[in-house]
Amino acid sequence: MLLLNKDIAFPPVKMADTDGLLAIGGDLSTERLLLAYKSGIFPWYNDNEIIQWWSPDPRFVLWPAELKVSRSMQTVLHNGQFRFTINKNFTGVIQNCKSITRKEQAGTWIHKDIVDAYTRLHQLGYAISAEAWKNGELVGGLYGIKLGNIFFGESMFSKETNASKFAFINFVQHLQQQNVQLIDCQVYTAHLESLGAKMIERKEFCAILKREIP
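Not measured: the values here are computed from a predicted model.

Colleague: Please set out the sheet that holds strand E8 (residues 137-147) residue by residue, giving values where relevant.
Modeller: Read across the open sheet, the 7 strands follow the order E6-E7-E8-E9-E10-E5-E11; overall the sheet is mixed. Whereas interior strands pair on both sides, the edge strands pair on one side only; in this sheet they are strand E6 (83-86) and strand E11 (198-200). Put simply, the sheet's adjacent strands are angled 35 degrees from each other on average, direction ignored. In this structure, strand E5 (residues 59-62) lies alongside E11, joined through 3 bridges in antiparallel fashion. Within E11, the residue paired with Val 61 across the bridge is Lys 198.

Colleague: I'd love a proper account of the environment of Leu 22, names of residues and values included.
Modeller: Within the secondary structure, Leu 22 is located in strand E2 (residues 21-25). Looking at Leu 22, the relative accessible area reads 1%, which means it is buried. With 19 residues separating them along the chain, Leu 22 and Leu 3 place their C-alpha atoms 9.4 Å apart. Leu 22 has contacts with Met 1, Leu 2, Pro 11, Pro 12, Val 13, Met 15, Ala 16, Ile 41, Trp 53 and Trp 54, leaving out every residue within four places of it along the chain.

Colleague: I'd like to hear about helix H5 (residues 163-177), residue by residue, with values.
Modeller: Given a rise of 1.5 Å per residue, 15 residues ought to cover 21 Å, and the 22 Å separating the end C-alpha atoms of H5 matches this to within 8%. Of the positions making up H5, those classed as buried are Ala 163, Ser 164, Phe 166, Ala 167, Phe 168, Ile 169, Asn 170, Phe 171, Val 172 and Leu 175. Positioned one or two residues after H5, Asn 179 has a phi angle of 70 degrees, which is positive.

Colleague: Tell me about the pairing of strand E10 (residues 182-186), residues and numbers included.
Modeller: In terms of residue burial, E10 counts as a mostly covered element, since 5 of its 5 residues are buried. Covered by surrounding structure in E10 are Leu 182, Asp 184 and Gln 186 together with Ile 183 and Cys 185, the residues of both alternating faces. Both E5 and E10 contribute to a ladder of 3 bridges, which runs antiparallel. In the sheet register, Val 61 faces E10, and the bridge partner there is Asp 184. The parallel pair strand E9 (residues 150-158) and E10 is bridged by H5, and the resulting crossover is right-handed.

Colleague: Tell me what's going on with the pattern of salt bridges, and back it up with residues and numbers.
Modeller: Pairing between side chains of opposite charge can happen when their charged atoms approach one another. Tallying each qualifying case throughout the model produces 6 salt bridges. For Arg 59, the salt bridge is made with Asp 184, and the minimal N-O distance between the two is 2.9 Å. On the criterion of sequence distance, the pair formed by Arg 59 in strand E5 and Asp 184 in strand E10 is long-range, its members being 125 residues apart. According to the relative accessible area criterion, Arg 59 is buried, its value standing at 1%. On the accessibility criterion, Asp 184 (1% relative accessible area) is buried. Of the charged contacts, one joins Lys 134 and Glu 160 as a salt bridge, the two residues approaching to 3.4 Å between their closest N and O atoms. In this pair, Lys 134 sits in strand E7 (residues 127-134) while Glu 160 sits in the loop between E9 and H5, placing the two residues 26 residues apart along the sequence. Given a relative accessible area of 24%, Lys 134 falls into the partly exposed group.

Rules used throughout
The written sequence of each chain sets the order in which its residues are numbered from 1. Local features in a predicted model are, by the rule used here, given only for residues with pLDDT of at least 70; side-chain atom pairs are given and counted only at 80 or more, and totals for whole chains, interfaces and linings are based on all residues. By convention in this description, side-chain values take in all heavy atoms of the structure and omit both hydrogens and water. For two strands to be treated as a pair, DSSP must find at least two bridges joining them. Labels follow the DSSP assignment, with helices taken as runs of H or I lasting at least four residues and strands as runs of E lasting at least two, numbered in each case from the N terminus. Lines are fitted to the C-alpha atoms to define the axes, a helix being fitted only along its stretch in contact, and any angle between axes, read from their N-to-C directions, falls within 0 to 180 degrees. Whether a residue is buried, partly exposed or exposed follows from its accessible area with a 1.4 Å probe, protein chains only, as a fraction of its type maximum: under 20%, in between, or over 50%, in that order. By the convention used here, residues are in contact when the closest approach between their heavy atoms is within 4.5 Å. Multiplying 1.5 Å by the residue count of a helix minus one yields the expected span of that helix. With its strands directed away from the observer, a crossover is right-handed exactly when the path from the first strand over the helix to the second travels clockwise. Each reported salt bridge corresponds to a side-chain nitrogen of Lys or Arg within 4 Å of a carboxyl oxygen of Asp or Glu.

Here's what the structure looks like:
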């Protein structure tokens, strides 16, 4: 495992350990984060820990054309319960992702440094949020990074049943119209598997990144 310094560089992803941990240290500068995503790497660590950089193998991804929408979700999409927007409240989305209680986690990895770094990326046009609204209240959403024809999902939240699915499905359909070829879901969740995500080898994933990101 490599300890990063001030140089904006990463070791080859094949050097990651069996869990996908590739390197530690460095910083969350815009330049380093963009290089990380282009290289198939993302930061993931708890507050008060040294920055950890990951590139798991296999990788959990979704091809937009393979999105699965159940009959019940078809109803939710069209019954007017929620309203969908993009980039209307990035701050609200990332703050909700930070604070929402999750059964599988005791805390959150989205701490102040992460919020600040991804807010800068949003201001530069790289980080995007998708929102679900109900009666004027933000009740679900997700955010991530778009580079070339790839979207890298980071986190999602839901305060109402199906709100995050509503935002995700609408956003995937939007990305498909924008010629996005692949959505990186990073690591397995049953929630995203039900929507069509699957595992692919890291080698294949990185080849797609090289082809689809200028």
